[in-house]
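Listed here are the chains, written in short residue letters.
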Amino acid sequence: MNGHSNNSSDSNGAADMSKPVPLWIAGKQVQTETTFPVTSPTTTEHLWTSSSVSAPLALEALDAAQTAFKTWRHATPAEIRKILLRAADIFEARRDELAGYMKAETGALANFAGFNTTQSIEVLRDVAGRSAHILGEIPKTSTPGTGAFIFKEPYGVIFGAAPWNAPYILGLRAFIYAIAAGNTVVLKGSELSPRTFWALGSVMKEAGLPDGVLSVIYHRPEDAVEVTNAIIESAVVKKVNFTGSTLVGSIYASKAGKELKPVLMELGGKASAIVCEDAEVESAAMQCAMGAFIHAGQVCMATERILVNRKILDKFAEALKGASEKIYAAEGEAPVLVAKATVEKNHKLLADAVAKGGKVIAGDVDPREDSAYRMRPVIVSDVKKGMDLYYTESFGPSVSLIAVESDEEAIEIANDTEYGLSGAVFTQNLGRGLKIAKQIDSGAVHINSMSIHDEATLPHGGVKKSGWGRFNAQWGLEEFLKLKTVTYME
């Protein structure tokens, strides 16, 4: 092994904070000579350093996964269930510790970190029993005296990559459905939150997952191309799943396509919330504000456009301003974004919109915060085509308020995007809401609730440039199973 193994955790699994964050490779914690710094976006101070995987070391993780697959593919549903339920209990027992890593590395507030840990526990318990329900088929055949079986089998070694913004939920789903289906996984976590991804490996190790079934790695930004290409090019890898930006996702998909490997992609979004004239205004405003500004808008399902029937525009605008104030009070600290570049991007989008006729109805376009990582929510009305904000995903606390004359116009604008991940509709008429939802081209639409919505029992994924394939529940398992036809003659 090109790094060196160590046991940098105490008996309860908590991290040894005096050492660089280790990798998890074949069930062992591995320190590397090459490291990179991790900075707190909240304080802008140095948090710790992290080990950084090299391409040769990543290939060692793949080899370990290939070896582990030979036995893990035969794990019984009872064995899988026992490990995953134990992992859920461990996750729950270490909830405060794990939430602390996420808050430190990503700037998440306590409620969002709590949502991540709670949802992850729910996912583990939901998936735990699903491997017992992997069912094949016995179809009728055309020739008398013959028969056929359709088996569902694991692919083998899966390469998963997950981002920093909801690291426990997104990191967990990048491997949990695959291993529950009998695959083994090498998970590459974001360099912005390595300690958080380390914690996922720690929980699974403590839960008794056999060595090699899951390895967890991260690397310096400058090593991204070399490490990622080496992994995808490896004959050991049979499928790739990626969650992150559409730009980077297209690079992964292109590379996997060249290697003729299937992919599961969950990418960016430009979600619209449609507010009909019969909507309950105060409730709709609060849901839209939460959908736009939770985690400072750094969620792929975040509401980026609010399309309001002109008849209630003024009333809704006031309610929206009041709701956003309840989420981030003007006298309180400004929300933290994980990267200074995202703050700069949002200010540029807003400045462009204002220069082209957009009107700021809440917030301030000019940056005035003490930290380059912070930005307060901004609501801009009169956003139109020709403004960068109209089409570009902000991935920050910026939202457009657009007046519409009819449901048809709202649907047209909602679909006028290259993305299609989530959306929302607000109306007191369920039939009307369903009619609108069916016409919106996205992976999900939520009636009378915000666009940010993720449940363990519901399929999650997008269309268009928001990706393809689905995570969660039985749909998540099916992504990591291949079909085999076996025929016979009597």
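Values in this document were obtained by computation on a predicted structure and should not be read as measured data.

What counts and what doesn't
- Residues numbered from 1 in each chain as written.
- Predicted model: local features only at pLDDT ≥ 70, side-chain atom pairs only at ≥ 80, totals over all residues.
- Heavy atoms only, no water.
- Salt bridge = Lys/Arg side-chain N within 4 Å of Asp/Glu carboxyl O.
- Helix = DSSP H or I, 4+ residues; strand = E, 2+ residues; numbered from the N terminus.
- Buried < 20%, exposed > 50% of the residue type's maximum accessible area, 1.4 Å probe, protein only.
- Pairing = 2+ DSSP bridges.
- Core = buried A, V, L, I, M, F, W, Y, C linked by side-chain atoms within 4.5 Å.
- Contact = heavy atoms within 4.5 Å.
- pLDDT = per-residue confidence, 0-100.
- UniProt positions renumbered as here; feature names shortened; annotations may be inferred.
- Axes fitted to C-alpha atoms, helices over the stretch in contact; angles between N-to-C directions.
- Left-handed = near helix turned anticlockwise from the far one by under 90°.
- Nonpolar A, V, L, I, M, F, W, Y, C, P; charged D, E, K, R; others polar.

Visitor: I would appreciate a short explanation of the pattern of salt bridges in the present structure.
Guide: Proximity of charged atoms lets side chains of opposite charge pair with each other. For the structure shown, the criterion picks out 27 salt bridges. Its salt-bridge partner being Glu 92, residue Arg 125 comes within 2.9 Å of it at the nearest N-O pair. On the criterion of sequence distance, the pair formed by Arg 125 in helix H4 (residues 110–128) and Glu 92 in helix H2 (residues 77–93) is long-range, its members being 33 residues apart. On the basis of relative accessible area, Glu 92 is assigned to the partly exposed category, the value being 35%. Here Arg 173 ties to Glu 266 by a salt bridge, and the two come within 2.5 Å at their closest N and O atoms. One end of the pair, Arg 173, is in helix H5 (residues 167–180); the other, Glu 266, is in strand S11 (residues 263–266), and 93 residues separate them in sequence. Take Arg 173 and Glu 266: they sit in the same class, and that class is buried. Through salt bridges with shared partners, a single network forms among Asp 89, Glu 92, Arg 95 and Arg 125.

Visitor: Help me understand the sheet that holds strand S12 (residues 271–275) in this model?
Guide: Across a sheet, paired strands are connected by hydrogen bonds in the backbone, their directions being either parallel or antiparallel. Pairing is mixed across the open sheet formed by 7 strands, whose spatial order is S14-S15-S16-S13-S12-S17-S18. With one partner strand each, in any of the chains shown, strand S14 (359–362) and strand S18 (446–447) form the two edges of the open sheet. When strand S15 (residues 378–381) meets strand S16 (residues 398–404), the two strands line up parallel, connected through 4 bridges. What sits directly across from Ile 379, in S16, is Val 399.

Visitor: Which parts of the structure should I look at to understand the nonpolar core?
Guide: Generally speaking, a soluble globular protein has its nonpolar side chains buried in company with each other. By size, the foremost hydrophobic cluster in this structure holds 100 residues, and its most contacted members are Leu 84, Phe 175, Ile 176, Ile 179, Leu 187 and Met 204. No other element matches H5, which puts 11 residues into this core. Beyond its immediate sequence surroundings of up to four residues, Met 204 is in contact with Ile 83, Leu 84, Ala 87, Phe 175, Ile 176, Ile 179, Leu 209 and Leu 214. Counting 27 residues, the second-largest nonpolar core is a separate cluster that includes Val 275, Ala 292, Val 308 and Ile 312.

Visitor: Hey, could you run me through the confidence of the model for the protein chain in this one?
Guide: It should be kept in mind that the predicted coordinates are not to be read in detail where pLDDT is low. Taken residue by residue, the protein chain gives an average pLDDT of 95. The fraction at 70 or more is 98%. Every residue in residues 7–12 scores below 50 in pLDDT, and together they form 15 contacts with partners more than four places removed in sequence or on other chains.

Visitor: Can you help me understand unusual backbone geometry in this one?
Guide: Leaving glycine out, the prevailing phi sign among residues is negative, and the prevailing peptide bond configuration is trans. Located in the positive-phi region is Thr 44, a residue other than glycine, with phi close to 65°. Looking at the secondary structure, you find Thr 44 in the loop between strand S4 (35–39) and strand S5 (46–51). For Asn 448, which is not a glycine, the phi torsion comes out positive at approximately 65°.

Visitor: Even after reading the chapter, I still don't get the UniProt feature "domain: Aldehyde dehydrogenase" (unreviewed entry) in the protein chain, so can you show me in this structure?
Guide: The UniProt feature table records "domain: Aldehyde dehydrogenase" (unreviewed entry) at residues 32–486. Each end of residues 32–486 is marked by a C-alpha atom, and these two atoms are 46 Å apart; helix forms 41% of the span and strand 19%.

Visitor: Please explain the packing of helix H7 (residues 224–233) against helix H8 (residues 246–258) as it appears in this structure.
Guide: How two helices pack is summed up by the angle between their axes together with the distance between the axes. Packing of H7 against H8 leaves a shortest axis separation of 9 Å and a crossing angle of 35°. Relative to H8, the crossing made by H7 is right-handed. Contact residues: H7 offers Thr 228, Asn 229, Ile 232 and Glu 233, while H8 offers Tyr 252, Lys 255 and Ala 256. Class assignment for the residues of the contact of H7 with H8 results in 3 nonpolar, 2 polar and 2 charged.

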